[in-house]
Amino acid sequence: MAEAPLPGSGPRLAFVDALKAVASQLIVLHHLAFYGPMSDHAHSLLPTLVSWLSQEARIAVQAFLVIGGFLAAQSLAPSGVLLAARPLSLLWRRYLKLVTPYLAAVLLGIACAAIARRLMTHDSLPGLPTLPQVVAHAFLLQSILGYEGLSAGVWYIAIDFQLFALLLGILWLARRLGQGAGRAAFVGALLVGALALASLYHFNRDADWDVWGVYFFGSYALGVLIYWATARKQPIAGWLLLLVVPVVTALLVDYRSRIAVALVVALALGLARCTGFLDSWPRSRLIAGLGKISYSVFLVHFPVCLVVSGLFARFAPPTAGVNLAGMVIAWLASMAAGALFYRLVESRAPVRRRCPAAGFKQKP
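Conventions used here
Residues numbered from 1 in each chain as written. Predicted model: local features only at pLDDT ≥ 70, side-chain atom pairs only at ≥ 80, totals over all residues. Heavy atoms only, no water. Core = buried A, V, L, I, M, F, W, Y, C linked by side-chain atoms within 4.5 Å. Buried < 20%, exposed > 50% of the residue type's maximum accessible area, 1.4 Å probe, protein only. Helix = DSSP H or I, 4+ residues; strand = E, 2+ residues; numbered from the N terminus. Contact = heavy atoms within 4.5 Å. Axes fitted to C-alpha atoms, helices over the stretch in contact; angles between N-to-C directions. Parallel < 35°, antiparallel > 145°, perpendicular 65-115°, else oblique. Left-handed = near helix turned anticlockwise from the far one by under 90°. Nonpolar A, V, L, I, M, F, W, Y, C, P; charged D, E, K, R; others polar. Phe/Tyr/Trp six-rings, centres within 6.5 Å; stacked < 30°, edge-to-face > 60°. Lys NZ or Arg CZ within 6 Å of the ring centre and 35° of its normal.

A look at the nonpolar core
Across soluble globular proteins, nonpolar side chains have a tendency to be buried as a group. By size, the foremost hydrophobic cluster in this structure holds 79 residues, and its most contacted members are Leu76, Tyr102, Val192, Phe217, Trp228, Leu269 and Leu299. Considering every element that reaches this core, the biggest residue donor is helix H7 (residues 155–177), with 12 residues. For Leu269, the contacting residues outside a window of four places in its chain are Phe15, Val16, Leu19, Val66, Ile67, Phe70 and Leu278. Judged by nonpolar contacts, the second largest core, of 14 residues, contains Val28, Met38, Ala42 and Val304.

Regarding the packing of helix H1 (residues 14–35) against helix H13 (residues 285–292)
Two elements in contact, H1 and H13, have axes whose closest approach is 7 Å; the angle formed by their N-to-C orientations is 70°. Considering the angle they form, H1 stands roughly perpendicular to H13. In this structure, the crossing between H1 and H13 has a hand that is left-handed. For the pair formed by H1 and H13, the contact residues are Asp17, Ala18, Lys20, Ala21 and Gln25 on the first element and Ile287, Ala288, Leu290, Gly291 and Lys292 on the second. Of the residues in the contact of H1 with H13, the class split is five nonpolar, two polar and three charged.

Section: the packing of aromatic side chains
The full count for this structure, using the stated rule, is 13 aromatic pairs. Centre to centre, the rings of Tyr295 and Phe298 are 6.5 Å apart; their planes meet at 20°, and the pair counts as stacked. In this pair, Tyr295 and Phe298 are both assigned in helix H14 (residues 294–315), three residues apart and thus about one turn of the helix distant. Overall, the relative accessible area of 5% leaves Phe298 in the buried class. Ring-pair connections join several aromatic residues into one group, and the members of that group are Trp155, Tyr156, Tyr215 and Phe216. We note Arg94 situated over the ring of Phe164; from NZ or CZ to the ring centre the distance is 4.8 Å. In this structure, Arg273 is placed above the aromatic ring of Tyr227, and the distance from its NZ or CZ to the ring centre is 3.9 Å.

This is how it looks when you write it as structure tokens:
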């Protein structure tokens, strides 16, 4: 399970890049451990680590959900009021920004899966694609229509788009209902909070909803609300209490580690923003680079891992040490492929322009 790190067009935030770098590495290692066949052989050498990566590391997706909401609030409504004059145009640009590199990665995945099928037989291999399946992927409808994903984690691109559309729709409605910026910001926060509560207490507790954005909106909204809470010049303790208490109560009603992780990530973002670390810490070119290419790494790592797995299945002995080395090689190859994909594809995708103002005058 993986989340697509949000492609953005603003200044880099060092702390956000660090979170994305760590979470993206966990997702790559999770898929390497979960899908095999190299991990099947390597398991006997490091059983605890491989088992943890194959099961628990998927929770790293929560970091991307929270970051996604945080960055969406920053770009769409930094003071709580939607800035875009034409929301549908903004939604279309969002679609292009996500889907242009995503479709290139899907085609790469189809090609790599065909190569891997010639090298090995394993249940981690996607089936032969059909035209309706490819079209469903292009319109981000594959999970809703029940098609198998053509690569690991591609379902999340659709979820990310749904979440962005949900937030955009809420902010548009709040602006229509509100009379002035202050009232629109209040209505927007109220609507976001209400849907977040519905997600935490109902939708997120029913796995039948996991192909829809509302299942994940509780985590996404934590990012949105922590951005707005820490944007205020007044003391934020009360706002944080309003944020934390409903989430903790939801965990007492039905504990979900994914929601607990989302809350921790949201509070870490809020603390980093309040202390000034958000922009400036950590100072590391490596971490910043990994954060920058994290979306590209997410898109291409599984096809790369399939080919490396196929090569080791065909030509390497089935020993634990050799296949553990194969996992390391696949991991490093995924980083290299992600960097190349970012340079050749993602960085050339349509860039979301800054939202044109909608007419509200923001209060100082």
